[in-house]
Structures are given as C-alpha cells and as structure tokens.
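Chain and residue survey
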Amino acid sequence: MRTFFKIFFASLLAIIVSVVVLFFIGVGIIASASSKLINPETASTGSRGVLMIDLGLTLSEQGKDNPLAKFSSEEIYSTPGLYDAVRLIKYAKSDSSIKGIYLKCNDNPNGFATSQELRNALLDFKTSKKFIYAYGDVIPERAYYVANLANKIYCNPKGGLEWKGYALNYMFFKQTLQRLEIEPQIFYAGKFKSATEPLREEKMTEPNRVQSRELLSFLYNELLVTTAAARGLDTASLHDYANKYLIRTADDAARLKLIDGVRYYDEVQGELKSMLKIEQSANINMVALGKYAESVNYKKTSGTDRIALIYAEGDIVDGKGESGQIGSETFRDLVRKARMDDKVKAIVFRVNSGGGSALASENIWREITITRKTKPVILSFGDVAASGGYYLAANADSIFAEPTTITGSIGVFTIIPNMQRFFKNKLGVTFDGVKTADHADAMTVSKPLTDIERSFIQSGVDTIYETFKTRVSEGRKLSMVMVDSIGQGRVWMGKRALELGLVDRLGNIQDAIDCAARMAKLKSYGLREFPEPKNFLDILLGNYQKVAKASAIKEEMGEEAYSVYIAVKKVKSSVGIAQARMPFEISIK
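Figured I'd write up the structure that's included with this text. Every chain's residues receive numbers from 1 upward, in the order its sequence appears when written. Local features in a predicted model are, by the rule used here, given only for residues with pLDDT of at least 70; side-chain atom pairs are given and counted only at 80 or more, and totals for whole chains, interfaces and linings are based on all residues. By convention in this description, side-chain values take in all heavy atoms of the structure and omit both hydrogens and water.

A closer look at the packing of aromatic side chains
Where we set the bar: For Phe, Tyr and Trp, rings pair up if their centres lie within 6.5 Å, where Trp contributes its six-membered ring, and each pair is then called stacked (planes under 30 degrees apart), edge-to-face (over 60) or tilted (otherwise). A run of H or I in DSSP counts as a helix once it spans at least four residues, and a run of E counts as a strand once it spans at least two, with each numbered from the N terminus. Burial here depends on accessible area, computed with a 1.4 Å probe over protein chains only, as a share of the maximum for the residue type. Under 20% is buried, over 50% is exposed, and the range in between is partly exposed. As a reminder, the over-ring test applies to NZ of lysine and CZ of arginine, requiring each to be within 6 Å of the ring centre and within 35 degrees of the ring normal.
The final tally for this structure, using the stated rule, is twelve aromatic pairs. Relative to W163, the ring of Y144 lies with its centre 5.8 Å away and its plane at 85°, an arrangement referred to as edge-to-face. Taken as a pair, Y144 in helix α4 (residues 141-147) and W163 in the loop between β4 (152-161) and α5 (174-180) lie far apart in primary sequence, 19 residues in all. Taking relative accessible area as the criterion, Y144 reaches 0% and is therefore assigned buried. Residue W163 is classed as buried on the basis of its relative accessible area, which comes to 1%. Here the basic side chain of R142 rests over the ring of F112, its NZ or CZ set 4.3 Å away from the ring centre. Positioned above the aromatic ring of Y188 is the side chain of R200, whose terminal nitrogen or guanidinium carbon lies 4.2 Å from the ring centre.

Observations regarding unusual backbone geometry
Residue P531 is reached from F530 by a cis peptide bond, and omega for that bond is -5°. A positive phi angle, close to 75°, is found at K129, a residue other than glycine. Along the polypeptide, K129 turns up in the loop between α3 (112-126) and β3 (131-139). Exposure remark for K129: the relative accessible area of 76% places this residue in the exposed category.

Details of the sheet that holds strand β1 (residues 49-54)
The criterion, for reference: Think of it this way: DSSP has to see at least two bridges between two strands before they count as a pair.
The parallel open sheet is built from six strands, whose spatial order is β6-β4-β3-β2-β1-β7. In this open sheet, the two edge strands, each paired with only one partner strand, are β6 (261-262) and β7 (285-288).

Some details on the pattern of salt bridges
Under the convention used in this document: A pair is scored as a salt bridge if a Lys or Arg side-chain nitrogen falls within 4 Å of a carboxyl oxygen belonging to Asp or Glu.
Inspection of the entire model under this criterion finds 31 salt bridges. Measuring nitrogen to oxygen at the nearest pair gives 3.6 Å for the salt bridge that ties R350 to E117. Of the two residues, R350 sits in strand β11 (residues 344-353) while E117 sits in helix α3, which places them 233 residues apart along the sequence. A relative accessible area of 2% places E117 in the buried class. It is possible to trace a salt-bridge network through shared partners that takes in R332, D333, R336, R339 and E367.

Read these as geometric descriptors, not functional statements.
Right under this line is the structure:
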C-alpha cells in the first residue's frame, strides 16, 4: 500500500508540474503575440513595388486574421476582406512606391459579384496609367473574367485558357432516398422554391429550368461583353469560339487574341523587370496583398462621427451562431449596439447569404426596422442576398446590389423526414412509447406525419410566406400582388431586381457607405467595422480548428464530394425548421 501511494503522489506531482510549465509557456506565447499586436512591426513595401494579387485567394466579406503569422519568420500575412482589397487597390493607384499590379490567375473561387467588384477596382486603377500584368498556367473562365482587362495577359505555353461557356448542374437524391426507404415529407410555398427539388424530383422542374437558364445566360453574357470590350473583339465571335470549342491550347487563345501571348513565368518576370527598369538579375519587389494591408494606412478616418459597417456572411441561423454564420442573436445585438451608440450616425449592413432560418431572419429584420427610425440603415448585397438574406433587408432605407448579385427567392420550405422504414428494414430498429396527447410526438423522424399534422405544417409554411411577402410589400412599397408575381421563390440577378423594385441602386460597398453619409448629412466620418476582431485565443482555438477540420475533410473527399457533403449538411440543418433559403447552390462550371 505504501508503494501504491508513493507512485500515486509522484505521478500527481508530475502532472501538476507539467500543467504549471505548460501554463507559463502559454502565457509567454500570448504575451509575445500581444506585444506584437500592440506594437506591430510595420511591414515595408520598399520601392518599385508591384502589388501582387492572387485571384485564387478567397475574399470573404471581412478580413481574416492569422495569429500564427505573428510567430513566423516567413512572410505570412492575414487575408484581407473584399472591401479591404478594393481600398488597397485604390490606395495603390496614388502610391508612388507601387508601379503596377501583377495578377496571378490560376484560379478564382470567388462569387460573381465579388469578382465584379474586384474587376471594377482594377479598371479604376488602370486610369492611373500604371500597368496591370496577368499570368496563369491554366486560366479558368472566372479568373479570366477579372484578368482580361490587363495591359498584358499571358499563359504558360503548355497550359491553356478555359473558354467553353458556363454550365449549371444539380444533383438529385430522390431515388437514393427511395432505396433507403426514407420519405422526405416536404412542404413549400412558391413554385420556383426549388431548394427541395433534389429530394423530391429526378430532374429539374420547368420553373427551375427557366430561372436557372436566365441566371446562367446573364452571367455568360457578362463574360462575353466585358471580354469583348477589354480585348477589342465582338461577342458573336467569342460565343462561336466557345460553341465550337475552338480554344483548346494556349496557342489557340493567343491566335484568337484572348491573350497577348504564351510565356513561361521567367519570361514574364523578365518583361516586368524591363518595365520596372531594374537589372535582369535582380528580384522584383512583389508585394502581396496581405503585406500591403499591413504596410499602409488605407483605413483613413476623420472626425468623431461614425458609420457602422456590419458584415453578415453565411447561413442565417437561430441563436448566436458560429464563425461563418449569421446568428440572429449576434447580429441583432450588433445592430442594437450601433443604434445605441451616439457616435454612430448611420449603418451599412453588408449581406452575403443564401438565407436560412425564417425566424432568425425575422428577428434581424425587426432590429433593422426599429433602428431605421432613429438613423439611416443601408443594405449592401454581395454575391448572394436571397431568401432569408433578402427578408432581413426588406425594410432598409435603401438597398444596393451589384448587377451580378443573386437576390430575391421570396419563398419558404421545411422538411420533416419519415425514417421509420429505414430504421426498421435497414437497421432493424423499431420505436415505441407513450404520450399524453394525440400529436405530442408530431414531427419526429420515427413515424410518418398524419393528415392533420401535414395540414398544420403546410399552413405554417404558407403563413410564413405571407409574412415574408408582407415584409417585402411594406418595405419596398410594392403591392402584394406584385410581390407574389416576382416572389414564388424565384431568384433574380441584381440588374433585373433593380427593374422590379427589389433593390434601389446598383453599386458596391463604397456606394452604400457614401449613401449612408449623405442620408446622415456627414461631411467627415470614420468607419467602425463589425463583428469586431476576436481575441488571440478565440481565433487560434476556434477559427483555426474549424478551418483545419474543413481542409482535412475537403482534402480527403475531393472538391466534388465535399460539395455534396456540404449540401447534405445544409439539408440536415433544414429539418423541422421553416427555411427562407435560396433554391439552389451556385456551382457553375
């Protein structure tokens, strides 16, 4: 026994010592990080700099801090948000240390409105007479859409330019559910509300085909028109190139003048060195976008008055939500905080969301409605502001969208799966129990809904749809008949939404901020951006765990399978909750 206690207390002491040591190591790391955060070492752009923009970088609405960069000796920087990128390009336009921009265009994971806003910023930069060079090994169409405005655009001789038009494909699971003996039990309002089509159909319905074709045609026409203007070509020829699949190699792209020539990377570097008038043996001072953000003061403020800029991106969910979601409690509190702050004279609420919980959207709508009684609230739409993303915005003072923003989708659905036969026949699981009322166990997955329960749920969906239409009718000053005719779950492009009265202006984030300043009668102001940055440990332990998990799953499953996984997760989150969600995921190839 004495030996036992001796070993026990020795082990306990070792554990305590280890915990204490780890604690002080942790304190040291945090102190080091904090000192760098408080007294950052200013990055330098140097002279004869070339701002390097990797189009393969995912630009979220709000920048993402990288706390690990604080400990790295390598040039690792935080990722700017879209508005940050736009402001940085504008700053570089008059920055004498930046001589031009280099676009790396091997990929572009960003949405169409994000790409359009970035492209417009680059067009404005070109008026400075500084150069823009673009290069890629294999240039996809979405990257080419941004890069085609470059003074020179080159491609690897053994690479190529993708030029084949756009395609939009959906995956249907009806037969899969039938084989698994799962009945989805779907309830929806709006003939275009096709979010549930993959579960109830084997192919696209005609209404969905109509709206999908219109959406795709608009985006494809945007590619043709901008390319024709940038390259001095005509849209008919460009469409013919895609239709006949005439561009199969990099040489084909050069011959048909979509690019300026074929070059290896070192040859492009040599040409840039000549333009910069530096020795061929010297290195080009390439300044990454993240480094430039840490080097210059592009967020100038003046005066004591403020405009609050609130970024809302991701699925709309009840409660606080997680990083990358729009939690109703979190964003309701952010709007309220801005309303109660006397220094904040106006609010710009930036939305990039395909929707989610109808109740969560209603709660945010309510807070915006209260707030606009005391100060202007301007809504700015990103890639997507549809269904719940449009719902919460309907009563704003003014709504801005990009021409390529996907919006509308005024409709509702819910799913209550009946998995009784799946459990019994596939897994050998049965259920039994007691209840105090006939419908106490309604909306459980272990049994089918009764006729009364079905009627109750459909009635609830129809009621929420009526409320949705009422919010739009009152906020947009449109008749209920008009709202129903452009509603029914149908999505619209921003340009068409303007014609229908769903938005007030076509413009970007800066246009929305300028509008807010005018409405608040501000001549000088500063921006206060929300959500505010998290502390070091929250970022390190929270966001990075989530990113690491997503990256690991994506790497293991592959891009296509991962997209299916995400779609299934979204269907799972829709079960039993009334959803104001966009009718489909945009994945254009």
